[in-house]
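# Structure assessment
Given next are the chains, with one letter for each unit.
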Amino acid sequence: MLAYFGPQGTFTEQAARGFASPQQELVPFDTVPAALAATRRGETQSACVPVENSVEGAVPATMDALTEGEPLVAVAEAVLPVRFSVLVRPGGGPVRTVASHPHALAQVRHWLAEHLPEADVVATTSTAAAARSVLGGEFDAAVSAPVAVRHYPLEVLATDVADVRDAKTRFLLVRPPGELPEPTGHDRTSVVCTAADKVGALSELLAELALRGINLTRIESRPTKGRLGEYRFYIDLDGHVAEPRVGDALAALHRHCPQTRFLGSYPKAEPGGVVAGNEEFVAAAEWVETVRRGHGA
Ligand SMILES: O=C(O)C(=O)Cc1ccccc1
């Protein structure tokens, strides 16, 4: 079974369908923490959750839920284009309220200001929860994934709604720690480090990556929820932990931040990134091994 951030008709469900094997059952949960908790309890093998959006940035609920509680690791990612449909009740009256997930609302602000300027905007747990609430009469319009109309008998007021063309959202498939995916040569590694409160703490971490020629693909900070000014850094980088230089870099991050949590090494959904130069690191690590065995110098 595969848990996903639902209910039925979310963008996350679309991503989850791409990950699922044909016989695998998909189980919706109303929040990201609930989907991850089901996987931690072993009720589902894996969970699919949104992690970041090219327009609105990180999904804080996912970042927090991956850091707190039992470890989970990502084994795959998916990147989906995001365009919205605006759904209303068939024959419904004027639109006084419009509801959706905060990430969706942030991506259609200009459209709403132009087309529904009088409507009050309300945040819901997901885009599909908004569609469900419109069906139930709580709100008048929902900003939803195009597939939502297949699940909820609503009318489409507008399609292809997006302030920014080509917006994309990245999703992760996570599991309890186990066998890692094989390196493919086009992988991403995710970690979260709780940095010490001292001068140069972040630049020390970044230097460990830079001096090994490792490309940083994302860095986000979130408060630890402890002392004001104490932060966790979410770091995505090009490469797989099985590669010597990435393994070395993670060991160095762990030296600086003993609370470093490994969030997975998995194939990148889209080609690109900086992966050059790995051969030298493999050759150098092999040379050190021969020296250690007394065969080289
Ligand atoms: O609410 C959804 O449908 C989600 O899966 C989260 C989300 C919200 C907005 C854009 C992409 C994903």
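Here the residue numbering is sequential within each chain, running from 1 through the sequence in written order. Per-residue local features of the predicted model are confined to residues with pLDDT of at least 70, and side-chain atom pairs are confined, for both listing and counting, to 80 or more; whole-chain, interface and lining totals are unaffected and use all residues. Calculation of side-chain values draws on the structure's entire complement of heavy atoms; hydrogens and water are dropped beforehand.

### Remarks on empty space enclosed by the protein
We count it as follows: Throughout, the protein atoms alone are placed on a 1 Å grid, and a set of points is a cavity if a 1.4 Å probe fits but cannot get out or a pocket if it is open with protein on both sides within 12 Å along at least five of seven lines; lining residues have an atom within 4 Å of a point. Grid points are joined across faces, edges and corners, and a volume is the space filled by probe spheres set on the points. A helix here means a DSSP run of H or I that spans at least four residues, while a strand means a run of E at least two residues long, and both kinds are numbered starting from the N terminus. Gly is put with the polar residues, along with every residue not named as nonpolar or charged; the nonpolar set is Ala, Val, Leu, Ile, Met, Phe, Trp, Tyr, Cys and Pro, and the charged set is Asp, Glu, Lys and Arg. Annotation comment: domain bounds sourced from an automatic or database domain assignment.
The full count for this structure, using the stated rule, is 2 cavities of 30 Å³ or more. For the largest cavity, the calculated volume is near 200 Å³. Together, 17 residues line the largest cavity, and F11, P50, H101, H103 and T127 are the ones closest to its centre. Elements represented by at least two residues in the lining of the largest cavity include exactly α1 (11-19), β3 (46-53), α4 (102-107) and β11 (168-175). Taken together, the residues that form the lining of the largest cavity break down as 8 nonpolar, 9 polar and no charged. Composition of the lining of the largest cavity by domain shows at least three residues from each of domain 1 (1-81 + 165-178) and domain 2 (83-161). The space that makes up the second largest cavity amounts to roughly 80 Å³. Lining the second largest cavity we find 13 residues, and of these V51, L66, S190, R218 and L263 sit closest to its centre. Counting residues per element, the ones that place at least two in the lining of the second largest cavity are α3 (60-67), β11, β12 (187-194) and β14 (231-238).

### Observations concerning the domain arrangement of the chain
If you check the domain split of the chain, you get domain 1 (1-81 + 165-178), domain 2 (83-161) and domain 3 (180-297). Its C-alpha centre places domain 2 at a distance of 41 Å from the equivalent point of domain 3.

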